[in-house]
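Coordinates in review
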Amino acid sequence: MMTDDLFTQTILPTTHDLGGFKVHRTLPSRPRTMVGPFIFFDQMGPAHLEVGTGIDVRPHPHINLATVTYLFAGAIDHRDSIGTFATIEPGAVNLMTAGNGIVHSERSPQSQRDAGPDLSGIQTWLALPERFEEMDPAFEHVAAADLPVVDSGNARARVIMGSLWGASAPTTTYAGTIYADIELAAGASVPIDADADERAIYLAMGQASLDGWELEPQTLYVLRPGITATLRSASGGRVMLCGGEAFTTPRHVWWNFVSSDRDRINQAKEDWKAGLFPKVPGDDKEFIPIPEVPKTVSYP
């Protein structure tokens, strides 16, 4: 089988060094903005930060999207403008729905700082269908124990969102969505079924191949619609599977704002500059100013 038979696109990462750890971004990109509802795909780390330090993502705004945070190692304290405080740990999921506007911060817990924080995980954004873009903001934490794990002995797949391999996650979805964390021991294999309009796989760490094609790490492989394939690892690896229903209308991205309407994004820019977004209780002394040239944009 040729790679063209398996993949429609191979998206290489843009890597940013944030001082102590790296972030690899594959969506949005020039070749492609979305895979199903996924419009942003970042891998954080893996990294071990110095004792006494941590991550401090100051309060910043979002509109018309949902953020999905999923960790392999470490912990993050989440606070937002609807009054949420939640600590996420490996295997759990934080789903924050921005809707008509939310502000949040992400910081390392003090216990992590005291030990020297580990940081490893995936953060994604989901575009909201137009009927949900201006909904009231919401937050949902689903514990690791509440996410189904499909275990075949030498392969374990945690279903983060949607339904896969006969198991369904309780995590809220606004559009058809699939999302899973697949841990492969040496010699393991799992089937990748044709169960969504658009799908992509991403080798986060270790080694894996799809129908014999070796996957490069930190690269997003968009699967050809309708194909079935087998994911294997000779020496052990960790792969994310994501996707869902294809959106029929385009989405625009500028900084932390996503919308079907460019004018809505321009309004959000002005609102943030004017201080019109709500504050984050317990973390209202700092904020991230709007950039002149953001690192995250859609093309064109």
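Residues numbered from 1 in each chain as written. Predicted model: local features only at pLDDT ≥ 70, side-chain atom pairs only at ≥ 80, totals over all residues. Heavy atoms only, no water.

Quick word on the sheet that holds strand 5 (residues 56-62)
Reading across from one edge, 5-10-7-8 is the order of the four strands in this open sheet, with antiparallel pairing throughout. Across the chains shown, the open sheet's two edge strands, defined by having one partner strand only, are strand 5 and strand 8 (85-88). Neighbour to neighbour, the strand axes of the sheet diverge by 20° on average, direction disregarded. In the sheet, strand 7 (residues 76-80) pairs with strand 8 via four bridges, with the strands oriented antiparallel. Within strand 8, the position partnered with Ile76 by the bridge is Ile88. (Pairing = 2+ DSSP bridges. Helix = DSSP H or I, 4+ residues; strand = E, 2+ residues; numbered from the N terminus. Axes fitted to C-alpha atoms, helices over the stretch in contact; angles between N-to-C directions.)

Here we look at unusual backbone geometry
Apart from glycine, the bulk of residues carry a negative phi angle, and the bulk of peptide bonds sit in the trans form. Of note, the bond from Leu27 into Pro28 is cis; its omega dihedral lies within 30 degrees of zero at -5°. Position of Pro28 among the secondary structure elements: in the loop between strand 3 (22-27) and strand 4 (38-48). Of note, the phi angle at Asn64 is positive, near 60°, even though the residue is not glycine. Note on placement: Asn64 falls in the loop between strand 5 and strand 6 (65-74). Positioned with a positive phi, Trp165 is a non-glycine residue whose angle comes to about 50°. By relative accessible area, which is 23% here, Trp165 ends up partly exposed. (Buried < 20%, exposed > 50% of the residue type's maximum accessible area, 1.4 Å probe, protein only.)

Focus: the environment of Ile227
Structurally, Ile227 can be placed in the loop between strand 22 (220-223) and strand 23 (229-233). In this structure the C-alpha to C-alpha distance between Ile227 and Arg131, which are 96 residues apart in sequence, comes to 31 Å. Excluding anything up to four places from it in sequence, Ile227 contacts Asp5, Leu6, Ile192, Asp193, Ala194 and Arg199. (Contact = heavy atoms within 4.5 Å.)

Side note on the UniProt feature "domain: Pirin C-terminal" (unreviewed entry) in the protein
This chain's UniProt record puts "domain: Pirin C-terminal" (unreviewed entry) on residues 179-277. The straight-line gap between the two end C-alpha atoms of residues 179-277 is 30 Å; of that span, 12% is helix and 47% is strand. (UniProt positions renumbered as here; feature names shortened; annotations may be inferred.)

Here's the deal with the pairing of strand 11 (residues 118-127)
Most of strand 11 sits out of view: nine of its 10 residues are buried. As judged from the eight bridges shared by strand 4 and strand 11, these two strands associate in the antiparallel manner. Its bridge partner being in strand 11, Ala47 is matched across the sheet by Leu119. Two elements, strand 6 and strand 11, share nine bridges in a ladder whose sense is antiparallel. Pairing of Leu65 across the sheet is with Ala127, part of strand 11.

Focus on the packing of aromatic side chains
Following the criterion strictly, the structure yields 10 aromatic pairs and no others. Both rings, one in Phe7 and one in Tyr221, keep their centres 4.9 Å apart while their planes meet at 45°; by these two values the pair is tilted. Here Tyr221 lies in strand 22 and Phe7 lies in strand 1 (residues 7-11), a separation of 214 residues in the sequence. Take Tyr221: its relative accessible area is 7%, and that puts it in the buried class. (Phe/Tyr/Trp six-rings, centres within 6.5 Å; stacked < 30°, edge-to-face > 60°.)

Some thoughts on helix 3 (residues 262-273)
An α-helix turns once every 3.6 residues. As a result, residues three or four positions apart point the same way. Spanning 12 residues, helix 3 covers 17 Å between terminal C-alpha atoms, matching the ideal 16 Å at 1.5 Å per step. Restricting attention to buried positions, one finds in helix 3 the residues Arg264, Ile265, Ala268, Lys269, Asp271 and Trp272. End-on, the buried residues of helix 3 take up no more than an arc of 165°, which puts them together on one face. Those residues of helix 3 that are exposed and aimed more than 90 degrees away from the buried face are Asp263 and Lys273. Buried-residue contacts for helix 3 involve strand 5, strand 10 (102-107), strand 25 (252-254) and strand 26 (257-259). Between a side-chain oxygen at the N-terminus of helix 3 and the backbone nitrogen of Asp263 the separation is 2.9 Å; the capping residue is Asp261. Once helix 3 finishes, Gly275 follows within two positions and takes phi at roughly 75°, a positive value. (Expected span 1.5 Å × (residues − 1). Arc of directions from axis to C-beta. Polar contact = N/O pair within 3.5 Å; in protein donor to acceptor, adjacent residues only side chain to side chain.)

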